[in-house]
Amino acid sequence: MTGVQAEALLHPTPKGLYCPPGDFFIDPVADVDRAVITHGHADHARAGHGAVLATPETIEIMATRYGEDFTRTRQPVEIGEVTTIHGVTVWLVPAGHVLGSAQAVVEYQGTRMVVTGDYKRRRDPTCLPFEPVPCDVFISEATFGLPVFRHPDTAGEVRKLLASLSQFPERTHLVGAYALGKAQRIICHLREEGYDETIFIHGAMKKLCDLYGRLGVDLGPLADATVKDGRGAKQDFAGKVVVCPPSAMNAAWARRFADPMTCFASGWMRVRQRARQKGVELPLIVSDHADWDELTDTVREVDPAQLWVTHGREDALVRWAEVEGRHAKPLRLVGYEDEND
Ligand SMILES: [Zn+2]
Ligand SMILES: [Zn+2]
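Residues numbered from 1 in each chain as written. Chains lettered and ligands numbered in written order. Predicted model: local features only at pLDDT ≥ 70, side-chain atom pairs only at ≥ 80, totals over all residues.

### Details of the overall build of the protein
Note the following rule: Each helix is a run of H or I in the DSSP string that is no shorter than four residues. Each strand is a run of E no shorter than two, and both are numbered from the N terminus. For the radius of gyration, the atom set is restricted to C-alpha positions; the globular benchmark scales as 2.2 Å times the number of residues to the power 0.38. Buried means a residue has 20 or more other C-beta atoms within 10 Å of its own C-beta, exposed means 12 or fewer, and partly exposed covers the counts in between; C-beta atoms are placed from the backbone. In this description, any two residues whose backbone-derived C-beta atoms lie within 7 Å of each other are considered to be in contact.
Within the protein one finds eight helices and 19 strands. Whereas a compact globule of 341 residues would reach a radius of gyration of roughly 20 Å, the protein reaches 21 Å, a difference of no more than 12%. When its C-alpha atoms are laid out on the principal axes, the protein stretches across 70 × 45 × 30 Å. Taking all 341 residues of the protein together, 48% fall into the buried category. Here the contacts in the protein between residues at least 6 apart in sequence split such that 59% fall between residues at least 24 apart.

### As for the packing of helix H2 (residues 56–66) against helix H5 (residues 206–214)
To keep things clear, this is the line we draw: The convention used is that axes are lines fitted to C-alpha atoms, helices contributing only their stretch in contact, and that angles between N-to-C directions extend from 0 to 180 degrees. Convention used here: angles under 35 degrees read as roughly parallel, angles over 145 as roughly antiparallel, angles from 65 to 115 as roughly perpendicular, and any remaining angle as oblique. Crossing handedness follows the turn of the near helix against the far one: under a right angle anticlockwise gives a left-handed crossing, and clockwise gives a right-handed one.
Between H2 and H5, the shortest axis-to-axis distance is 10 Å and the interhelical angle comes to 155°. Between H2 and H5, the angle is such that the two are roughly antiparallel. The handedness of the crossing between H2 and H5 is right-handed. In this structure, H2 contributes Glu60, Ile61 and Thr64 to the contact, and H5 contributes Lys207, Leu208 and Leu211.

### As for the domain arrangement of the protein
To keep it simple, the criterion reads: For the purposes of this description, domain bounds are those given by an automatic or database domain assignment. Amino acids outside the nonpolar list (Ala, Val, Leu, Ile, Met, Phe, Trp, Tyr, Cys, Pro) and the charged list (Asp, Glu, Lys, Arg) are all regarded as polar, and Gly is one of them.
Each assigned domain of the protein is listed with its residue range as follows: domain 1 (6–148 + 289–330) and domain 2 (154–284). Domain 1 puts 14 residues into the contact, and the matching count from domain 2 is 15 residues. Of the residues contributing to the side of domain 1 that touches domain 2, the split by class is five nonpolar, five polar and four charged.

### A short note on the sheet that holds strand E14 (residues 222–224)
What counts here: Think of it this way: DSSP has to see at least two bridges between two strands before they count as a pair.
Here we have six strands laid out as an open sheet, ordered E14-E13-E15-E12-E16-E17, and parallel in their pairing. Strands with a single pairing partner mark the edges of an open sheet, and in this sheet they are E14 and strand E17 (282–284). Between one strand axis and the next, the sheet turns by 30° as a mean value, whatever way the strands run. The pairing of strand E12 (residues 173–176) with strand E15 (residues 241–244) spans four bridges and is classified as parallel.

### Looking at unusual backbone geometry
In this model, Asp23 sits at a positive phi of 50°, which is unusual for a non-glycine residue. You can see Asp23 is positioned in the loop between strand E2 (16–19) and strand E3 (24–26). We classify Asp23 as partly exposed; it has 13 C-beta atoms within 10 Å. Even without a glycine there, the phi angle at Asp303 is positive, about 50°. Take Asp303: there are 13 C-beta atoms within 10 Å of it, and that puts it in the partly exposed class.

### Side note on H2
Along H2, the positions that sit buried rather than exposed are Glu57, Thr58, Ile59, Glu60, Ile61 and Met62. In this structure, the buried side of H2 is in contact with strand E5 (49–54), strand E6 (71–76) and H5. Phi turns positive, to about 100°, at Gly67, one or two residues after H2.

### Some words on the sheet that holds strand E8 (residues 88–94)
Strand order in the open sheet made by the seven strands is E7-E8-E9-E10-E11-E18-E19, with mixed pairing throughout. The open sheet terminates on both sides in strands that have one partner only, identified here as strand E7 (83–85) and strand E19 (327–330). Sheet twist, expressed as the mean angle between neighbouring strand axes with direction ignored, is 25°. As judged from the three bridges shared by E7 and E8, these two strands associate in the antiparallel manner. Residue pairing across strands places Thr84 opposite Thr89, the latter belonging to E8. Set on the sheet, helix H7 (residues 292–302) makes contact with strand E11 (137–142) and strand E18 (306–312); between it and E11 the angle comes to about 175°. Across the sheet, helix H8 (residues 314–323) touches E11, E18 and E19, and the angle it forms with E19 is around 170°.

### Comments concerning the packing of helix H3 (residues 154–167) against helix H4 (residues 182–192)
Between two packed helices, what matters for the description is the angle formed by their axes and the separation of those axes. Relative to each other, H3 and H4 sit at 80°, their axes nearing to 10 Å. By the criterion of interaxial angle, the relationship of H3 to H4 is roughly perpendicular. Of H4, the residues touching H3 (which contributes Thr154, Ala155 and Val158) are Ile186, His189 and Leu190. By residue class, the composition of the contact of H3 with H4 is four nonpolar, two polar and no charged.

### What about the nonpolar core?
Quick note on the threshold: Any set of buried Ala, Val, Leu, Ile, Met, Phe, Trp, Tyr and Cys residues joined through C-beta atoms within 7 Å is what this text calls a nonpolar core.
Counting 96 residues, the largest nonpolar core has Met113, Val175, Ile186, Val242, Val243, Cys263 and Leu284 as its most contacted members. Looking at which domains feed residues into this core, each of domain 1 (6–148 + 289–330) and domain 2 (154–284) gives three or more.

### A look at the pairing of strand E16 (residues 261–265)
The condition is simple: Handedness is read with the strands pointing away from the viewer; a crossover is right-handed when the path from the first strand over the helix to the second is clockwise.
Burial analysis of E16 places five of its five residues in the buried class, which makes it a mostly covered element. Side chains of E16 alternate between two faces, with Met261, Cys263 and Ala265 and Thr262 and Phe264 buried alike. Of the pairings in the sheet, the one linking E16 to E17 comprises three bridges and is parallel in character. Within E17, the position partnered with Ala265 by the bridge is Leu284. Between the parallel pair E16 and E17, the chain is carried across by helix H6 (residues 272–277), and the sense of this crossover is right-handed.

Here it is, written out as structure tokens:
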């Protein structure tokens, strides 16, 4: 395969990755006629496209976040279901990132390209595990694409939270977690560690937690983190777990709880300075993205003829690949955020 063929099948544009023969974009950052969406995070899945092809779960997530009219035409496709768009074969394969997340496999005239969207390799009780697909061009994310990023064992991080709960039974444990994926994953991991008490959730998370439940992810007993009026209400949450979006952790909302212990579940908690800046007392290093080892192991496993690297620390992964004797290049796509890790 030559690079020219690959460039003709998928190439970066200001609106995102574009497939000229199929006339569609993957995770476009602007309104387009036809979009293939890898997963429901806001920077990948936007409202306003003419048509959206995605897993049924991602379609449900988009409808929950943006309203039923988020697109004119919905095209839900099951994992592994093969469709054709203007002669270009497209199918979706699990990415292990959040519920419904998928890699997009695009094949045309003998060239196969795989767009990972965001992905991780470690176990996540809320979604299907990443599946490596042999391909000519592997387009990988690189959110944590620096050797310094090595995520610890997730269960160990969740046990830190449980240890703190028993050590400080008078304090509300306020866990900042992104509303799609991370929040539900933390809840599931707490359940796996045997925590069966009611977990309280911020109002902004209710619809997505309900949707996870409807889609078969059992989150156990949940209740709204609503403080009753009157004296003593703060004590209702002493020793409890309250899960909220990161933005709520330091807002006035957080001060209604009993001596809140601020915890933040994020891959960025590896960086102590970030934890300090955000006033996080108990950093939990839990990420929905591949760390350095997962990224490099995955490239070796997929063993593509070419590696293209997108949002994140592109240059380090490209350099690593070149040292390994691989063809690699950064895509320099813009419009993706790396806070929703
Ligand atoms: Zn994502
Ligand atoms: Zn992303």
